[in-house]
Amino acid sequence: MKFGFDLLVFTAWVFVLILGRNRMFRDTIVERAHVYCMETLPGRIDRWARAGISDAVVDRAERVWLALFGRRNPVFQIIAVVLYFLGLAVFMTQAAPMVPNRYMGAWHWIPIIATLAVNMGTYAAACVADPGVVHAGNVAQACQVFQPDGLLYPDTPTCRTCLLAKPARSKHCAACNQCIQMMDHHCMWLNNCIGLNNARWFLGFLTSFSLVCIYGSYIFATVILELRHTRGLVGAMVRNEETGLIVPISFRTSILYLLDQNVMLAVLLVLLVILTPAIVLFTAYQVRIVSLGYTSNEEHKWLNVADAVKDGVVFVVESEGGREAVEVIEVEDQLKDLRPRRVVKDLAEINNRYHRGAWSNLMFVLFPPSAEACTRTKSTKTTHVE
Ligand SMILES: [Zn+2]
Ligand SMILES: [Zn+2]
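Residues numbered from 1 in each chain as written. Chains lettered and ligands numbered in written order. Predicted model: local features only at pLDDT ≥ 70, side-chain atom pairs only at ≥ 80, totals over all residues. Heavy atoms only, no water.

In the annotation of an unreviewed UniProt entry, the chain is listed under the name Palmitoyltransferase swf1 and assigned to Kickxella alabastrina.

J.: Looking at this structure, I do not really get the overall build of the chain. What am I missing?
T.: When helices and strands are counted, the chain shows 13 helices and nine strands. For 386 residues, the compact-globule estimate of 2.2 N^0.38 gives 21 Å, and the chain exceeds it by more than 25% at 26 Å. Projected onto the principal axes, the alpha-carbon positions of the chain cover approximately 90 × 60 × 40 Å. Going through the 386 residues of the chain one by one, you find that 41% of them count as buried. Within the chain, counting contacts between residues at least 6 apart in sequence, those at least 24 apart form 65% of the total. By element, 64% of the accessible surface of the chain is carried by carbon and sulfur atoms, the whole surface being about 21,800 Å². Computed over 36 positive and 32 negative side-chain charges, the separation of the two mean positions in the chain equals 5 Å. (Helix = DSSP H or I, 4+ residues; strand = E, 2+ residues; numbered from the N terminus. Rg over C-alpha atoms; globule rule 2.2 N^0.38 Å. Buried < 20%, exposed > 50% of the residue type's maximum accessible area, 1.4 Å probe, protein only. Contact = heavy atoms within 4.5 Å. Areas by Shrake-Rupley, 256 points an atom, 1.4 Å probe, with all protein chains shown as cover. Lys, Arg positive; Asp, Glu negative; His and termini not counted. Charge placed at Lys NZ, Arg CZ, Asp CG, Glu CD.)

J.: How do you make sense of the coordination of the zinc ion (ligand 1) when you look at a structure like this?
T.: Around a metal, the ideal angle is 109.5 degrees if four donors adopt a tetrahedral arrangement and 90 or 180 degrees if six donors adopt an octahedral arrangement. All of the protein donors around the zinc ion (ligand 1) are Cys159 (SG), Cys162 (SG), His172 (ND1) and Cys179 (SG); their distances to the metal are 2.0 to 2.3 Å. Note that the zinc ion (ligand 1) binds four donor atoms; their angles at the metal cover 102 to 118 degrees, and the shape is tetrahedral. Written as a sequence motif, the donor arrangement for the zinc ion (ligand 1) is C-x2-C-x9-H-x6-C. Here the residue cysteine 159 occupies a position in the loop between α6 (139–145) and β1 (171–173), and cysteine 179 occupies one in strand β2 (residues 178–180), the gap between them amounting to 20 residues. For cysteine 159, a relative accessible area of 3% corresponds to the buried category. (Donors = N, O, S within 2.8 Å, 3.2 Å for Na, K, Ca; no water. Tetrahedral: all angles 85-135°; square planar, octahedral: opposite > 155°, others 65-115°.)

J.: What is the right way to read the packing of helix α7 (residues 199–230) against helix α9 (residues 263–292) from this model?
T.: Helix packing geometry: the angle between the two helix axes and the distance between the axes. Relative orientation of the contacting elements α7 and α9 amounts to 150 degrees, with a least axis distance of 8 Å. Every pair of crossing elements has a handedness; the one defined by α7 and α9 is left-handed. Partitioned by chemical class, the residues of the contact of α7 with α9 number 19 nonpolar, seven polar and no charged. (Axes fitted to C-alpha atoms, helices over the stretch in contact; angles between N-to-C directions. Left-handed = near helix turned anticlockwise from the far one by under 90°. Nonpolar A, V, L, I, M, F, W, Y, C, P; charged D, E, K, R; others polar.)

J.: Can you walk me through α7 in this structure?
T.: For an α-helix the count is 3.6 residues per turn, leaving residues at separations of three or four pointing the same way. Taking 1.5 Å of rise per residue, 32 residues should cover 46 Å, and α7 covers 46 Å from first to last C-alpha, within 8% of that figure. Glycine 232 sits one or two residues past α7 and shows a positive phi near 70 degrees. (Expected span 1.5 Å × (residues − 1).)

J.: Can you walk me through the confidence of the model for the chain in this structure?
T.: In low-pLDDT segments, the atomic positions of the prediction should not be examined closely. On average, residues of the chain score 88 in pLDDT, and 94% of them reach the 70 mark or higher. Per-residue pLDDT stays below 50 along residues 379–386; that stretch engages in 23 contacts with residues further than four places along the chain or on separate chains. (pLDDT = per-residue confidence, 0-100.)

J.: Help me understand the sheet that holds strand β9 (residues 341–343) in this model?
T.: Hydrogen bonding along the main chain pairs the strands of a sheet, whether they run parallel or antiparallel. Taken together, the three strands give an open sheet; going across it, the order is β8-β7-β9, and neighbouring strands pair in antiparallel fashion. Unpaired on one side and paired on the other, β8 (324–328) and β9 mark the two borders of the sheet. Averaged over all neighbouring strand pairs, the angle between strand axes comes to 30 degrees, with direction disregarded. Looking at chain direction, strand β7 (residues 314–318) and β9 are connected through three bridges and run antiparallel. Pairing of phenylalanine 315 across the sheet is with valine 343, part of β9. (Pairing = 2+ DSSP bridges.)

J.: In this structure, what is going on with the pattern of salt bridges? I would like to understand it.
T.: Note that side chains of opposite charge can pair when their charged atoms are close. Tallied over the full model, the rule gives ten salt bridges. One salt bridge connects arginine 50 with glutamate 62, and the closest N-O pair in it is separated by 3.3 Å. Of this pair, arginine 50 sits in helix α2 (residues 29–52) while glutamate 62 sits in helix α3 (residues 55–69), placing them twelve residues apart in sequence. Note on glutamate 62: relative accessible area 36%, which makes it partly exposed. Two residues, aspartate 333 and lysine 336, come together in a salt bridge whose shortest N-O distance is 3.3 Å. The exposure class assigned to lysine 336 is exposed, which follows from its relative accessible area of 63%. Several salt bridges converge on common partners, so that one network encompasses Asp46, Arg50, Asp55, Asp59 and Glu62. (Salt bridge = Lys/Arg side-chain N within 4 Å of Asp/Glu carboxyl O.)

J.: For this particular structure, what's the right way to read unusual backbone geometry?
T.: Excluding glycine, a negative phi dihedral is what most residues carry, and trans is how most peptide bonds are arranged. Cis geometry marks the peptide bond from valine 99 to proline 100; its omega dihedral reads 10 degrees. The topology assignment puts proline 100 in the loop between α4 (75–95) and α5 (109–128). For leucine 163, which is not a glycine, the phi torsion comes out positive at approximately 60 degrees. In this fold, leucine 163 is placed in the loop between α6 and β1. Exposure remark for leucine 163: the relative accessible area of 65% places this residue in the exposed category. The backbone of arginine 169 sits at a positive phi, close to 75 degrees, despite the residue not being glycine. Mapping arginine 169 onto the fold places it in the loop between α6 and β1.

J.: Hey, could you run me through the packing of aromatic side chains in this one?
T.: How two aromatic rings sit relative to each other is given by the distance of their centres and the angle of their planes. The final tally for this structure, using the stated rule, is twelve aromatic pairs. With 5.6 Å between their ring centres and 80 degrees between their planes, phenylalanine 146 and tyrosine 354 make a pair best called edge-to-face. On the criterion of sequence distance, the pair formed by phenylalanine 146 in the loop between α6 and β1 and tyrosine 354 in the loop between β9 and α12 (358–366) is long-range, its members being 208 residues apart. The pair formed by phenylalanine 146 and tyrosine 354 is uniform in burial state, with each residue classed as buried. One aromatic cluster is present, formed by Tyr84, Phe85, Tyr123, Phe205 and Phe209 through successive ring pairs. A cation sits over an aromatic face here: arginine 169 above phenylalanine 146, 4.7 Å from the ring centre. Positioned above the aromatic ring of phenylalanine 315 is the side chain of arginine 341, whose terminal nitrogen or guanidinium carbon lies 4.7 Å from the ring centre. (Phe/Tyr/Trp six-rings, centres within 6.5 Å; stacked < 30°, edge-to-face > 60°. Lys NZ or Arg CZ within 6 Å of the ring centre and 35° of its normal.)

J.: Just to check I follow, could you spell out the pairing of β7 for this structure?
T.: The side chains of a regular strand alternate, residue by residue, between the two faces of the sheet. The element β7 is extensively covered by neighbouring structure, given that four of its five residues are classed as buried. Here β7 runs beside β8; their pairing, made up of five bridges, is antiparallel. Each bridged residue has a counterpart across the sheet, and for valine 317 the counterpart in β8 is alanine 325. Between the antiparallel neighbours β7 and β8 lie five residues, among them glycine 322 with a positive phi of about 85 degrees.

So, in structure tokens, the structure goes:
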């Protein structure tokens, strides 16, 4: 089963690349493998190349690398679309002709086509929708959507590149060279940022893609089982090579025989085995962070806050009006700062101001309020501490 082992290693590698930086794998072998693949190894290759080839060639290669991964470009978007339609073509030619079969009825075509249509539609929408670009015309309103929480966003700074106010929860995307409201991340497969205005399409795309993969796996299983019947493998007799005896073919051998006879079905299996767990896990991760009221970008900020709590530099500070706010006060400033305060001992003591409850968070992402509506209902709440 050499092929099976190769597939396992390749799946693990893709998994490490996609999810290695995720919080759930912090300080684990998955994160270390990710850091090695993405940072340590490229650094070593760079040093070897500079020593063995020439600096000019390496510099040119690095410029190409930067243009590919550091700047907005459609290369990975085109690759994603081509791979998607290749996968679909394999499915349509290899598996679809066997639906319906004795395990699934013709009515399945309705949800199959509907899921694919939703999946393609949400992908296109997530690619072309404005993610929430901050520009001179909307910056004042964008600043009203979220108020600074005093902790992750102490105030409203000016973006050094855009030279505009940077609304709370926004981030400057180096690839797009723009500030994006409620920025989650820049997705190279969509060639777009994921932010306040298109997070719903991104979530819809991930959810429908998970359904496509799970449904595809189910259809694949029924097609393989159907083929066992149509190829006369159910109850077929074969000679055992070791004992020389004529015995009924085992279930496992019949499946391996079918895959061996039809390479394209094996290709479809490889696609499903790689994609299904990766997409389902990533979708679950995105739904989880939405339900907890933070973005991928803020996840890293919360990790820094957790470290600061461990270092004992996070305090609940009482301001003049008697209001309490959470602040980081570095050790060198603690003697100078005379405001009444108590140290935060556990991250659970701090409320995430942007968390409105799992359902409300989801509704907020699916139906983001317009900036005008936020301006009308400007909130004056501050960070509260339990
Ligand atoms: Zn900016
Ligand atoms: Zn971007």
